[in-house]
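An overview of the molecular structure
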Amino acid sequence: IIIPNYNSEAFLDACLDSLYKQVWKDFEVILVDNGSTDRSPQMAENHPLKPVVLRLDKNYGFAHAVNVGLEKSSAELIALLNNDAQPDPLWLKNLVECSEKYPQMDFFASLVLSLEDKEKILKDASKLAKEIHTKNPHFILELIQNAEDNKYKDIAPTIIFIMDKGRLIIQNNE
């Protein structure tokens, strides 16, 4: 799990706590810090989850942080997680099981739900996945084709992308 970070002291503990509570335990967390000026890198280093913390000298942006994390990771599958996300305890288990069930797929995405109102969909990540697939047919979506039909209600919500590391390239458009 790669978490790009910049000055997230206010919410990083909740993110790391939610990862600590994951049912699926076979994962590494790499937090790539973009030169934060708050205590968030130290908070991550002292968290019981024990993420790998990579400190950059300045804020290079999301894409650069992800690429730094990709180079450090030895995992076969990569999950990208925003530092303010709080995934459900079944989130990673469900995503990994989907990747095993559909090995021909390259890209999996979850819904983004409001922390205050878990019934409120803030973003359907499948729309982003479809856009990526349109631009690059090697990225294929399977999970949430239609958020309203509740077909994948057992997939835990949060903002996430899980991909085959060998096929993932993040472009920095900044």
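The present account deals with the structure reproduced in this document. Since we're looking at a predicted model, the values are computed, not measured. (Residues numbered from 1 in each chain as written. Predicted model: local features only at pLDDT ≥ 70, side-chain atom pairs only at ≥ 80, totals over all residues. Heavy atoms only, no water.)

What follows concerns the overall build of the chain. In terms of helices and strands, the chain carries 5 helices and 8 strands. For the chain, the N- to C-terminal ordering of α and β elements is β-α-β-α-β-α-β-α-β-β-β-α-β. The buried share among the 174 residues of the chain stands at 46%. For the chain, the share of sequence-separated contacts (at least 6 apart) that also reach a separation of at least 24 residues comes to 73%. Here the chain displays about 9500 Å² of accessible surface, and carbon together with sulfur accounts for 50% of that area. (Helix = DSSP H or I, 4+ residues; strand = E, 2+ residues; numbered from the N terminus. Buried < 20%, exposed > 50% of the residue type's maximum accessible area, 1.4 Å probe, protein only. Contact = heavy atoms within 4.5 Å. Areas by Shrake-Rupley, 256 points an atom, 1.4 Å probe, with all protein chains shown as cover.)

Glancing now at the nonpolar core. Counting residues in hydrophobic clusters, the biggest one holds 21 residues, and the most contacted among them are Ile 1, Ile 3, Leu 16, Leu 19, Leu 81 and Trp 91. Counting residues per element, the ones that place at least two in this core are α1 (12-20), β4 (77-81) and α4 (91-101). If near-sequence neighbours (up to four positions away) are discounted, Leu 16 is found in contact with Ile 3, Ala 44, His 47 and Leu 49. Listed in part, the 10 residues of the second largest apolar core include Leu 54, Leu 56, Val 66 and Ile 78. (Core = buried A, V, L, I, M, F, W, Y, C linked by side-chain atoms within 4.5 Å.)

Residues of α1 that are buried: Leu 12, Cys 15, Leu 16, Ser 18 and Leu 19. Here the buried residues of α1 occupy an arc of 155° about the axis, which is enough to place them on one side. Taken together, the buried residues of α1 touch β1 (2-5), β2 (30-33), α2 (40-46), β4 and α4. (Arc of directions from axis to C-beta.)

The next subject is the environment of Ala 79. Along the chain, the position of Ala 79 falls in strand β4. Taking relative accessible area as the criterion, Ala 79 reaches 3% and is therefore assigned buried. A sequence separation of 16 residues divides Ala 79 from Leu 95, and the C-alpha atoms of the two residues are 9.2 Å apart.

Turning next to unusual backbone geometry. Negative phi is the rule for most residues except glycine; trans is the rule for most peptide bonds. In this structure, Asn 7 is a non-glycine residue whose phi angle is positive, near 45°. Relative to the helices and strands, Asn 7 is located in the loop between β1 and α1. Overall, the relative accessible area of 28% leaves Asn 7 in the partly exposed class. Of note, Lys 50 is a non-glycine position whose phi angle comes to about 55°, a positive value. By the element assignment, Lys 50 lies in the loop between α2 and β3 (52-55). For Lys 50, a relative accessible area of 57% corresponds to the exposed category.

Another aspect to go through is the pattern of salt bridges. Here the idea is simple: oppositely charged side chains can pair when their charged atoms come close. Counted by the stated rule, this structure contains 3 salt bridges. Salt-bridge contacts for Glu 45 lead to Arg 55; the nearest nitrogen and oxygen are separated by 3.0 Å. Of this pair, Glu 45 sits in helix α2 while Arg 55 sits in strand β3, and the two are 10 residues apart along the sequence. Where Lys 93 meets Glu 97, a salt bridge forms, and the shortest distance between an N and an O atom there is 2.9 Å. Pair noted here: Lys 93 and Glu 97 are both in helix α4, with a separation of 4 residues, about one helical turn. (Salt bridge = Lys/Arg side-chain N within 4 Å of Asp/Glu carboxyl O.)

Next up on the list: the pairing of β3. Note that β2 and β3 share 4 bridges and pair parallel. Looking at the pairing, Asp 33 lines up with Arg 55 of β3. After leaving β2, the chain enters α2 and then returns to the sheet as β3, a path that is right-handed. (Pairing = 2+ DSSP bridges. Right-handed = clockwise from strand over helix to strand, strands pointing away.)

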